[in-house]
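# Architecture at a glance
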Amino acid sequence: MPTSAWTPTARLRGLKPVWLNNPKVWRTEILAGLVVALALIPEAISFSIIAGVDPAVGLFASFTMAVVISVVGGRRAMISAATGAVALVIAPLNRDHGLGYLIAAVILAGIIQIALGSLGVAKLMRFVPRSVMVGFVNALAILIFTTQVPELRDVPWAVYPLLVGGLALMVFFPRITKAVPAPLVSIVILTAITVAAGIAVPTVGDKGELPSSLPVPGLPDVPFTMDTLTIIAPYAFAMALVGLMESLMTAKLVDDITDTHSSKTRESIGQGIANIVTGFFGGMGGCAMIGQTMINVKVSGARTRLSTFLAGAFLMVLCIVFGPVVSDIPMAALVAVMVMVSFATFDWHSIAPKTLKRMPAGEITVMVITVVAVVATDNLAIGVVVGSVTAMIIFAKRVSHLAHVSAVPDPDGTTVVYSVTGELFFASSNDLVGQFDYADDPDRIVIDLSAAHIWDASSVAALDAIETKYVQRGKTVEIIGLNDPSADLHGKLSGELTSH
């Protein structure tokens, strides 16, 4: 299967994607979309319950998000739909003010995402360290698994053999053929067994009633006033940030899995457009779904926008046309799929003893903190922020010791040359002032910065403090060797950072 939907020649000539004439790709994408649609139904219903809305609101959101993002998104084969992170953010708004305000917040969140995407917020992804990314992936795998645990508590005993059977099918069926996704085979076989044998186990239908018609566009039922904007703005901004962070992290993960590049700016803007459309169709909004994306990309092998589009389209077809059949799918079958996804998502190499022995302690610390933060809060965005901040602190502490000062006295005793090497910024420059002998140095001091670089105002302020201490003792200071960027920053800020 090609990893890219376009050949270089097709890009130049504007031709159709090569996969349009590839039956194997069509089969893979269609079956992947069907598997994802089946997995989306109970998830969307569960997230609707978290948000305190009717199941149809979550299902409509999953439908519109997937269909729209398949066209306007920047990452092919990634699945966007109603998510738990978004549901948690907007649940208090729905509880306190009602569905109309929730829908208005979704639309405003989409507008904010478009604005942030246009301003280049996606470029901030370059500051997410690899250790945070590994922690993010491992925490994701843990969350996928733990969210399935409630489905295995206080259930009939028949659920457990069905779960084991589903896992066995997904492990061994690919050895027979990979033409049909193993998760789809598992779902079909387990459903047929439970229906034919009349086994009473929890089913998709127990999660809530499926919609019987397509969503209808309309405006949110709220007064269009500043008071409304004041109420929804904080929730919309929080939703926009959480949605973008999860979507961009998921896109980066899919980039790594498929060895392809995607436009994060287009993805950010696309998420905004999808949420606006979703809001006008009465959905609860959403973002990239990491679990379903792993089903689509890693388990089913999808690589194009077709699978994303069909996931949304099949979702509505399954609900409206095949609602009674879908309602009979045992939850054990879908739990088995998600457990398999959890196992496949976890980066087992990252916790291998051989890897841990070679990995710097700081990297391991960042990975563990990211995992703990995500699992403790059930929020991937918080984990990424905490992990990234921790990585920055560890990095700053590490490089703060790289600035060194050495003194070379002049033979005639009238001058001393201080050679400064390393990176001067807020962490390293704080210790700079204490490395000079103000009382015993001769009358002329030369500070050679040929092997150093000034990065911030803290470093300029430190150099000013050194010069002031010498001047107070009647001594002169000359700074030499500044490279062009350092000289420019020093020239602009020297003498301007203190009021006395």
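Residues numbered from 1 in each chain as written. Predicted model: local features only at pLDDT ≥ 70, side-chain atom pairs only at ≥ 80, totals over all residues. Heavy atoms only, no water.

### Structural notes on the overall build of the chain
Each helix and strand in the chain was counted, giving 20 helices and six strands. A principal-axis box enclosing the C-alpha atoms of the chain has dimensions of 100 × 60 × 55 Å. Per-residue burial over the chain gives 52% buried out of 500 residues. (Helix = DSSP H or I, 4+ residues; strand = E, 2+ residues; numbered from the N terminus. Buried < 20%, exposed > 50% of the residue type's maximum accessible area, 1.4 Å probe, protein only.)

### Let's talk about the confidence of the model for the chain
Taken residue by residue, the chain gives an average pLDDT of 87. The fraction at 70 or more is 95%. The model gives residues 1–15 a pLDDT under 50, and that stretch makes 23 contacts with residues more than four places away or in other chains. (pLDDT = per-residue confidence, 0-100. Contact = heavy atoms within 4.5 Å.)

### A few points about the environment of T370
Looking at the secondary structure, you find T370 in helix α16 (residues 361–377). Distance in space between the C-alpha atoms of T370 and E467 is 43 Å, their sequence separation being 97 residues. What T370 contacts, discounting residues up to four positions off in sequence, is V132, G135, F136, G383 and G387. Among the polar contacts made by the side chain of T370, one reaches the main-chain carbonyl oxygen of V366 at a distance of 2.8 Å. (Polar contact = N/O pair within 3.5 Å; in protein donor to acceptor, adjacent residues only side chain to side chain.)

### Comments concerning the packing of aromatic side chains
Aromatic ring pairs: the centre-centre distance and the angle between the two ring planes describe each pair. What the rule picks out here adds up to seven aromatic pairs. Taking 5.1 Å as the distance between ring centres and 85 degrees as the angle between the ring planes, the aromatic pair formed by F425 and F426 counts as edge-to-face. Overall, F426 belongs to the partly exposed group, its relative accessible area being 47%. Judged by centre distance (4.8 Å) and plane angle (55 degrees), the rings of Y438 and Y470 are tilted. (Phe/Tyr/Trp six-rings, centres within 6.5 Å; stacked < 30°, edge-to-face > 60°.)

### Points about helix α2 (residues 23–51)
Taking 1.5 Å per residue, 29 residues should reach 42 Å; α2 reaches 41 Å between its end C-alpha atoms and fits that length. At L40, α2 shows its maximal kink, close to 30 degrees; a proline, P42, follows between one and four residues later. Its side-chain oxygen placed 3.0 Å from the backbone nitrogen of K24, N22 serves as the N-cap of α2. At the exit of α2 stands G52, carrying a positive phi of roughly 80 degrees. (Expected span 1.5 Å × (residues − 1). Bend = angle between axes of the 7 residues up to and from the residue.)

### Structural notes on the layout of surface pockets
Rolled over the atoms, a probe sized like a water molecule indicates the empty space that remains. Each pocket or cavity is described by its volume, and for the largest pocket that value is around 820 Å³. Surrounding the largest pocket, 34 residues form its lining, E43, F47, G84, L143 and T147 being those nearest its centre. Looking at the lining of the largest pocket, the elements with two or more residues in it are α2, α4 (84–97), α6 (130–146), α11 (290–299) and α14 (331–345). Broken down by element, the lining of the largest pocket gets its largest block of residues, seven residues, from α2. Its residues placed into classes, the lining of the largest pocket shows 20 nonpolar, nine polar and five charged. Of the voids in this model, the second largest pocket is the one considered here, and its volume is about 460 Å³. Considering the residues around the second largest pocket, the lining is formed by 19 residues, among which K178, K298, V299, S300 and G301 are closest to the centre. Every element with two or more residues in the lining of the second largest pocket is listed here: α2, α7 (159–176), α8 (182–197), α11 and α14. If you tally residues by element for the lining of the second largest pocket, the top one is α2, at four residues. Grouping the amino acids of the lining of the second largest pocket by side-chain chemistry returns twelve nonpolar, three polar and four charged. (1 Å grid on protein atoms, 1.4 Å probe; cavity = no way out; pocket = protein on both sides within 12 Å on 5 of 7 lines; lining within 4 Å. Points joined across faces, edges and corners; volume = space filled by probe spheres on them. Nonpolar A, V, L, I, M, F, W, Y, C, P; charged D, E, K, R; others polar.)

### A look at the sheet that holds strand β4 (residues 415–424)
If you trace the four strands from one edge of the open sheet to the other, you get β3-β4-β5-β6, paired in mixed fashion. Strand pairing shows two members of the sheet lacking a second neighbour, β3 (404–409) and β6 (476–480), which therefore form its edges. When strand polarity is set aside, the average angle formed by the axes of neighbouring strands in this sheet is 20 degrees. Inspection of the sheet shows strand β5 (residues 444–454) paired to β6 by five bridges, in the parallel sense. Within β6, the residue paired with R444 across the bridge is T476. In this fold helix α19 (residues 457–471) packs onto β4, β5 and β6, with an angle of close to 175 degrees to the strand it touches most, β5. Lying on the sheet, helix α20 (residues 484–493) is in contact with β5 and β6; it crosses β5 at an angle near 120 degrees. (Pairing = 2+ DSSP bridges. Axes fitted to C-alpha atoms, helices over the stretch in contact; angles between N-to-C directions.)

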